[in-house]
Amino acid sequence: VTLGQDEGGTANRPSPQFHNTAVDYTAVHTWWLEDDLLWDVLMTKVPEKPNLISETGLMRLETLDGEAWRNPERAYELLERKFALAFAGRGAGVVQWAWNINPYMPTDNEAVIGFFRPDGTAKLEINVLKKFSDFFVSAKEHLSDFEPDEVIVIIPYSKYFSGQPDALLPVKRVVRTLSDRFGIVPTLLAEYHLNLERLSKAKLVILPAPEYLDDKAADVLALARSNGLRILISGAIEGNAYGQISESILKLGVDIGGDKLSFREKTSWTLDKNKKDDFATFDELRTNFLRKGKSKRTDVFHNNVLHEPLPLEYCSEEEPFIALLIALLHYALTNSGINAEVNEIPLTIRILKTKTHALVICVNESSVDLHRSIKIDNHSVTVNLSRGKSVLLLVNRMNGNILSLLK
């Protein structure tokens, strides 16, 4: 039993984060959000249940003159990235929809989905399925349960349910920054379903710009903090889910309340060692609904909590400003005992470890060829990725040998 739905299940429709106890496995159909293919898998995955990417494929887009928007090679590359990022999100598998094109489908953008055309010829895309099938056949005897993630990001549902615009954007930004700049992919957990067991294996919990926080979640986080878990909070904390300053909220030990956010805010987060201060720039429209916290950044975890007053996840997407979020996350990661090297060139990297082997997934969503040296325990492997392509490796953790390769 499952509930199949597209990316609407990450936000405005029933979320697996809430109904996972009623299904055998969670699901998502990766169709529309081509720039959030990792985030939407993570949003629908919970630690207790497998997550099947139960429909994916390519809907038809056309130019003004009716030609296909993507040529066969570009379509192949996009489907390959969808498959790779499904497994990077701890997906249990991927189902292509559909095998055969249905020419009688009344919806034009869906009428061409499928591996085989009505005349029986196959699209180039079918080679994606064969490549992944061959890889996992060769790797399956070395794969077992993966180690839990060291980083957990809390989905701020109290803020989302309050109707705040772009309430989930900070989660997207943190996922993208961690995966592309640090090679770290977090587990995402709903604010309303936290408990100590779910947090027990993590080294760092991130609450990105929550503004409001459920009392039970605050109680769990306060207890986890006292047990040694590091917590990073950005932006204002105005109160609980009802806006009340409750005893549970006060237990977090952070400054409560906020101030109006300015278009430019001074900050000392920077990756430039020659600069002491910088300015975070926020979208002018967002300053109408965003708040900054009243705490003063101290560059230390106070009682295992670091409260950065600026919601840096909402910064302008321009390159100088994303560096501020990178600097904040780098500090939080390294001071939580997590190995975190900053990658100057964005490249999505996921390392899933068993006791003896590591499944390495790399996805190049850029327009240029990239290469990267990836450290796995005491060994390094070099990965070369053509633009728009994906690579999967199965690596022996004992000696660094590559046992299986998909490229």
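Above this text is the structure in question.
This report concerns the structure included in the present document. A quick note: this is a predicted structure, and the numbers were derived from the prediction, not measured.

## A few points about the sheet that holds strand 2 (residues 51–56)
Then comes step 1: As summarised here, the arrangement of the three strands in space is 1-2-3, forming an open sheet in which the pairing is parallel. Two strands in the sheet have a free side with no partner beyond their single neighbour: strand 1 (26–30) and strand 3 (93–96). On average, each strand axis in the sheet is tilted by 25° relative to the strand beside it, whichever way the strands run.
Then comes step 2: Examined bridge by bridge, strand 2 and strand 3 share three bridges and lie parallel to one another. Within strand 3, the residue paired with Ile53 across the bridge is Val94.

## Points about the pattern of salt bridges
Then comes step 1: Per the stated rule, a full pass over the model turns up 24 salt bridges.
Then comes step 2: Note that Glu34 and Lys82 form a salt bridge whose closest N and O atoms lie 3.3 Å from each other. Placement of Glu34 in the loop between strand 1 and helix 2 (39–43) and of Lys82 in helix 3 (residues 72–88) is noted, with a sequence separation of 48 residues between them.
Then comes step 3: Lys82 gets classed as buried once you look at its relative accessible area, which sits at 2%.
Then comes step 4: Lys130 is paired through a salt bridge with Asp134; the nearest N and O atoms lie 2.7 Å apart.

## Thoughts on helix 10 (residues 319–334)
Then comes step 1: Taking 1.5 Å of rise per residue, 16 residues should cover 22 Å, and helix 10 covers 22 Å from first to last C-alpha, within 8% of that figure.
Then comes step 2: By the burial criterion, the buried members of helix 10 are Phe321, Ile322, Leu324, Leu325, Ile326, Ala327, Leu328, Leu329, Tyr331, Ala332 and Leu333.

## Brief notes about the nonpolar core
Then comes step 1: In terms of nonpolar packing, the biggest core is built from 78 residues, with Phe132, Leu188, Ile206, Leu312 and Leu333 touching the most fellow members.
Then comes step 2: With 11 residues, helix 10 is the single largest residue contributor to this core.
Then comes step 3: Core analysis: the next-biggest nonpolar cluster, separate from the first, contains 23 residues, Ala202, Leu207, Leu252 and Val254 among them.

## So, the pairing of strand 1
Then comes step 1: Across the five residues of strand 1, five count as buried, placing the element largely inside the fold.
Then comes step 2: Alternating positions in strand 1 separate into two faces, Thr26, Val28 and Thr30 on one and Ala27 and His29 on the other, with burial throughout.
Then comes step 3: By the bridge criterion, five bridges tie strand 1 to strand 2 in an arrangement that is parallel. Bridge assignment links Val28 to a residue of strand 2, and that residue is Ile53.

## Topic: the packing of helix 3 against helix 4 (residues 126–139)
Then comes step 1: For the pair helix 3 and helix 4, the least separation of the axes is 9 Å and the interaxial angle reads 35°. Crossing handedness for the pair helix 3 and helix 4: right-handed. Along its contact with helix 3, which presents Tyr76, Leu79, Glu80, Phe83, Ala84 and Phe87, the element helix 4 presents Asn127, Val128, Leu129, Lys131, Phe132 and Phe136.
Then comes step 2: Residues belonging to the contact of helix 3 with helix 4 are distributed by class as follows: nine nonpolar, one polar and two charged.

## A few points about unusual backbone geometry
Then comes step 1: With an omega of 5°, the peptide bond between Trp97 and Ala98 qualifies as cis.
Then comes step 2: Among the structural elements, Ala98 can be located in the loop between strand 3 and helix 4.
Then comes step 3: For Ala209, which is not a glycine, the phi torsion comes out positive at approximately 45°.
Then comes step 4: Its location among the elements puts Ala209 in the loop between strand 6 (204–207) and strand 7 (211–212).
Then comes step 5: Phi angles above zero are rare outside glycine, and Asp377 is one such case at about 60°.
Then comes step 6: With respect to the helices, strands and loops of the structure, Asp377 is situated in the loop between strand 17 (370–376) and strand 18 (379–385).
Then comes step 7: Using a relative accessible area of 27% as the deciding quantity, one classes Asp377 as partly exposed.

## Details of the packing of helix 6 (residues 169–182) against helix 10
Then comes step 1: Two elements in contact, helix 6 and helix 10, have axes whose closest approach is 10 Å; the angle formed by their N-to-C orientations is 80°. Classified by the angle their axes make, helix 6 and helix 10 are roughly perpendicular. Packed against helix 6, whose contacting residues are Arg173, Thr177, Leu178, Arg181 and Phe182, the element helix 10 presents Glu319, Ile322, Leu325, Ile326, Leu329, His330 and Leu333 at the interface.

## Focus on the sheet that holds strand 20 (residues 402–406)
Sheets are built from strands that pair by backbone hydrogen bonding, the pairs being arranged parallel or antiparallel.
Then comes step 1: Spatially, four strands are ordered 15-16-19-20 in an open sheet, and the strand pairing comes out antiparallel. Looking along the sheet, the strands with just one partner apiece sit at the ends: strand 15 (348–353) and strand 20. The mean angle between the axes of side-by-side strands here comes to 15°, regardless of whether they run parallel or antiparallel.
Then comes step 2: Across the sheet, helix 3 is in contact with strand 15, strand 16 (357–363) and strand 19 (390–396); its angle to strand 16 comes to roughly 140°.

## As for the packing of aromatic side chains
Then comes step 1: By the definition in use, this model includes 16 aromatic pairs.
Then comes step 2: Summarising the aromatic geometry, the rings of Phe83 and Phe132 are spaced 5.4 Å apart at their centres and angled 55° between planes, so their arrangement reads as tilted. Separated by 49 residues along the polypeptide, Phe83 in helix 3 and Phe132 in helix 4 bring together distant segments of the chain. Across this residue pair, the class does not change: Phe83 and Phe132 are buried.
Then comes step 3: Taking 6.4 Å as the distance between ring centres and 75° as the angle between the ring planes, the aromatic pair formed by Tyr157 and Tyr160 counts as edge-to-face. With Tyr157 and Tyr160 both in helix 5 (residues 157–161) and three residues apart, the pair spans about one turn of that helix.
Then comes step 4: With a relative accessible area of 2%, Tyr157 lands in the buried category.
Then comes step 5: The class for Tyr160 is partly exposed, based on a relative accessible area of 22%.
Then comes step 6: The ring of Trp39 is capped by Lys172, whose NZ or CZ atom sits 4.6 Å from the centre of that ring.

What counts and how
- All residue numbers here refer to positions counted from 1 along the written sequence of the relevant chain.
- For a predicted model such as this one, the threshold for reporting local features is a pLDDT of at least 70, and the threshold for listing and counting side-chain atom pairs is 80 or more; totals across whole chains, interfaces and linings nevertheless cover every residue.
- The side-chain figures draw on all heavy atoms in the structure; neither hydrogens nor water molecules are used.
- What makes two strands pair is DSSP finding at least two bridges between them.
- Starting at the N terminus, helices and strands are each numbered in turn, a helix being any DSSP run of H or I of at least four residues and a strand any DSSP run of E of at least two.
- Orientation is described by axes fitted as lines to C-alpha atoms, over the contacting stretch for helices, and by angles from 0 to 180 degrees between their N-to-C directions.
- Take a side-chain nitrogen of Lys or Arg and a carboxyl oxygen of Asp or Glu: if they are within 4 Å of each other, that pair is a salt bridge.
- Exposure classes here rest on a 1.4 Å probe applied to the protein chains alone. A residue is buried below 20% of its type maximum, exposed above 50%, and partly exposed in between.
- Here a helix's expected span is defined as the number of its residues, less one, multiplied by 1.5 Å.
- Residues grouped as a nonpolar core are buried Ala, Val, Leu, Ile, Met, Phe, Trp, Tyr and Cys residues, joined through side-chain atoms within 4.5 Å.
- The handedness criterion is simple: a crossing whose near helix is rotated anticlockwise from the far helix by less than a right angle is left-handed, and one whose near helix is rotated clockwise is right-handed.
- For this analysis, residues touch if any pair of their heavy atoms sits within 4.5 Å.
- The residue classification treats Ala, Val, Leu, Ile, Met, Phe, Trp, Tyr, Cys and Pro as nonpolar and Asp, Glu, Lys and Arg as charged. All others, Gly included, are polar.
- Oblique is the label for every angle not falling under 35 degrees (roughly parallel), over 145 degrees (roughly antiparallel), or within 65 to 115 degrees (roughly perpendicular).
- The pairing test for Phe, Tyr and Trp rings, Trp by its six-membered ring, is centres within 6.5 Å, and the orientation test on the planes gives stacked under 30 degrees, edge-to-face over 60, and tilted for anything in between.
- The rule for a charge over a ring is simple: NZ of Lys or CZ of Arg within 6 Å of the ring centre, and within 35 degrees of the ring normal.

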